[in-house]
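Coordinate analysis (summary)
Spelled out from the first residue to the last, the chains are:
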Amino acid sequence: MLDRLQALADRYEKLSELLCDPDVAADPKRLREYSKEQSDLQEAYEAYTEYKQVMEQLSDAKVMQGEKLDDEMREMVKMEIEELSARRDELEEKIRILLLPKDPNDDKNVIVEIRGAAGGDEAALFAYDLYRMYTRFADSQGWKTEIMEMSESDLGGFKEVIFMINGKGAYSKLKFESGAHRVQRIPATESGGRIHTSTSTVAVMPEVEDVEVEILDKDIRVDTFCSSGAGGQSVNTTKSAVRVLHVPTGIMATCQDGKSQNENKAKALQVLRARIYDIKRQEEEAKYAGERKSKVGTGDRSERIRTYNYPQSRVTDHRIGLTLHKLDAVMNGDMEEIISSLTIAEQADMLEKELV
């Protein structure tokens with residue numbers, strides 16, 4: 001571990017030199033690349049710098065402990081050694097986590113798809129509740145959201161909604177949300193007061209740049225049509241809505257919420273690119289599923305990951321056995337405890353695999 005840390009520290013200091021080089025400062029691309037690389041290394045570099053200082057102080061304190069001291073000084077040195085030893089252990093644990101392989105998508109914006117699944121109108125209403133939960137969480141993080149496509153149900157829910165969340169680290173916090181979300185509650189349409197169970201599915205995909213997934217004009221078919229609202233009725237007479245089909249894969253994306261056909265096409269291509277990338281990523285992970293399947297799941301939207309029980313005000317994440325009795329807060333965007341617990345579980349899983 002120390003060899004890896006020293007190599008990291010050497011690279012960080014080399015990047016500091018490069019960023020002061022006039023030739024680099026005059027090259028926006030290199031400047032951006034070096035700045036991002038140094039930013040990614042900074043937390044580990046600072047932890048290692050403090051770790052070296054703590055180890056030096058601990059060594060000095062142990063030397064002092066072997067000298068002739070009065071009782072008061074000996075007690076002070078003993079307390080210092082205990083404090084430094086505790087801080088050393090904390091830093092070692094922190095550094096182990098910082099050295100874990102980082103998901104290259106963690107800093108990216110995300111495209112989120114939510115669909116009502118089993119349960120008809122109630123599933124669509126729950127899909128809307130999930131959308132509100134994620135947008136309120138995004139607001140609490142200082143991120144921006146933008147609806148790319150939506151299909152409303154007659155009762156005001158979402159049959160489907162696709163939206164972008166723009167913010168640094170959005171994927172790192174939301175990547176574990178993909179899967180089937182189950183709700184247990186008395187629907188507004190239920191006159192007998194019976195509890196119903198419905199599900200909505202969530203898919204979280206990193207935003208993908210053109211260079212990561214190239215879509216050639218010859219490989220797509222673009223259709224235009226009039227946009228529609230709830231129930232399928234037409235809401236305008238201009239063909240501004242766009243449907244893009246990627247012929248080689250059969251993957252399709254539709255967008256009708258932009259102001260123009262060009263805007264809708266650009267958004268549809270964004271979604272299409274993310275879907276193609278997501279399928280390729282899942283195929284790659286499937287090859288190593290036996291070795292690499294984590295505690296927090298595969299990201300398959302058919303996998304049931306969480307239950308929201310309204311009568312008991314309970315949220316349960318089935319992957320890590322976490323239960324919180326604060327449903328209202330969670331549905332209003334207070335997701336930090338769930339997300340932190342999932343992140344810690346993933347890190348613990350990765351550390352366990354590294355030690356094997």
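Quick notes on the rules
Residues numbered from 1 in each chain as written. Predicted model: local features only at pLDDT ≥ 70, side-chain atom pairs only at ≥ 80, totals over all residues. Heavy atoms only, no water. Helix = DSSP H or I, 4+ residues; strand = E, 2+ residues; numbered from the N terminus. Buried < 20%, exposed > 50% of the residue type's maximum accessible area, 1.4 Å probe, protein only. Areas by Shrake-Rupley, 256 points an atom, 1.4 Å probe, with all protein chains shown as cover. Pairing = 2+ DSSP bridges. Salt bridge = Lys/Arg side-chain N within 4 Å of Asp/Glu carboxyl O. Patch = residues over 30% accessible without salt bridge, like charges linked within 9 Å, V, L, I, M, F, W, Y side chains within 5 Å. Axes fitted to C-alpha atoms, helices over the stretch in contact; angles between N-to-C directions. Parallel < 35°, antiparallel > 145°, perpendicular 65-115°, else oblique. Left-handed = near helix turned anticlockwise from the far one by under 90°. Nonpolar A, V, L, I, M, F, W, Y, C, P; charged D, E, K, R; others polar. Phe/Tyr/Trp six-rings, centres within 6.5 Å; stacked < 30°, edge-to-face > 60°. Contact = heavy atoms within 4.5 Å.

1. Overview of the overall build of the protein
Across its full length, the protein carries ten helices and eleven strands. Buried positions account for 42% of the 356 residues belonging to the protein. Accessible surface for the protein amounts to roughly 19400 Å². Of this, 49% is attributable to carbon and sulfur atoms.

2. Quick look at the pairing of strand β1 (residues 110-116)
Burial runs high along β1: five of the seven residues are buried. When β1 meets strand β3 (residues 158-166), the two strands line up antiparallel, connected through six bridges. Opposite V112, over in β3, you have F163 as the bridge partner. Where β1 meets strand β5 (residues 196-206), seven bridges bridge the pair, whose relative direction is antiparallel. Within β5, the residue paired with G116 across the bridge is S200.

3. A look at the pattern of salt bridges
In this structure the tally under the stated criterion is 30 salt bridges. Here R96 ties to E93 by a salt bridge, and the two come within 3.4 Å at their closest N and O atoms. In this pair, R96 and E93 both sit in helix α4 (residues 71-98), three residues apart, roughly one turn of the helix. Under the relative-accessibility criterion, E93 is labelled partly exposed at 37%. Across the pair D278 and R281 runs a salt bridge, and its minimum N-O distance is 2.5 Å. Here D278 and its partner R281 are both found in helix α7 (residues 261-287), three residues apart, which amounts to about one turn of the helix. Linked by salt bridges that have partners in common, K36, D40, K102, D107 and K168 make up one network.

4. Looking at a nonpolar patch on the surface
Taken together, the side chains of M64, M73 and M76 define a hydrophobic patch exposed on the protein surface, amounting to about 260 Å² of accessible area. Position of M76 among the secondary structure elements: in helix α4.

5. Structural notes on the sheet that holds strand β8 (residues 251-255)
The strand order β6-β7-β8 describes an open sheet built from three strands, whose pairing is antiparallel. Bordering the open sheet on either side are β6 (220-225) and β8, each of which pairs with just one other strand. If you compare each strand with its neighbour and ignore which way they point, the axes differ by 15 degrees on average. Summarising the sheet, β6 and strand β7 (residues 241-246) pair through six bridges and their orientation is antiparallel. If you follow F225 over to β7, its bridge partner there is A241.

6. Details of the packing of helix α3 (residues 28-65) against α4
As a packed pair, α3 and α4 sit with axes 9 Å apart at the nearest point and diverge in direction by 155 degrees. Relative to α4, the element α3 lies roughly antiparallel. In the packing of α3 onto α4, the handedness of the crossing is left-handed. For the contact of α3 with α4, the residue count by class is 15 nonpolar, three polar and eight charged.

7. Section: unusual backbone geometry
The phi torsion of most residues other than glycine is negative, and most of the peptide bonds are trans. A positive phi angle, near 50 degrees, is found at S313, a position not held by glycine. When its relative accessible area of 27% is taken as the criterion, S313 is described as partly exposed.

8. Some details on the packing of aromatic side chains
Counted according to the given criterion, the structure contains seven aromatic pairs. Ring geometry for Y131 versus F163: centroids 5.0 Å apart, planes at 85 degrees, classification edge-to-face. Taken together, the positions of Y131 in helix α5 (residues 121-141) and F163 in strand β3 put the pair 32 residues apart, joining distant regions of the chain. As far as burial versus exposure is concerned, Y131 and F163 are alike and both buried. Three or more aromatic residues joined by ring pairs form one cluster here, namely Y128, Y131, F158 and F163.

9. Considering the packing of helix α1 (residues 2-19) against α3
The geometry of α1 relative to α3 is characterised by a closest axis approach of 8 Å and an angle of 135 degrees between their N-to-C directions. The angle between α1 and α3 falls in the class oblique. Between α1 and α3 lies a crossing of left-handed hand. Residues L2, L5, Q6, L8, A9, R11, Y12, E13, L15, S16, L18 and L19 of α1 form the contact with α3, whose participating residues are L31, Y34, S35, E37, Q38, L41, Q42, A44, Y45, Y48, Y51 and K52. Partitioning the contact of α1 with α3 into residue classes produces 15 nonpolar, five polar and four charged.

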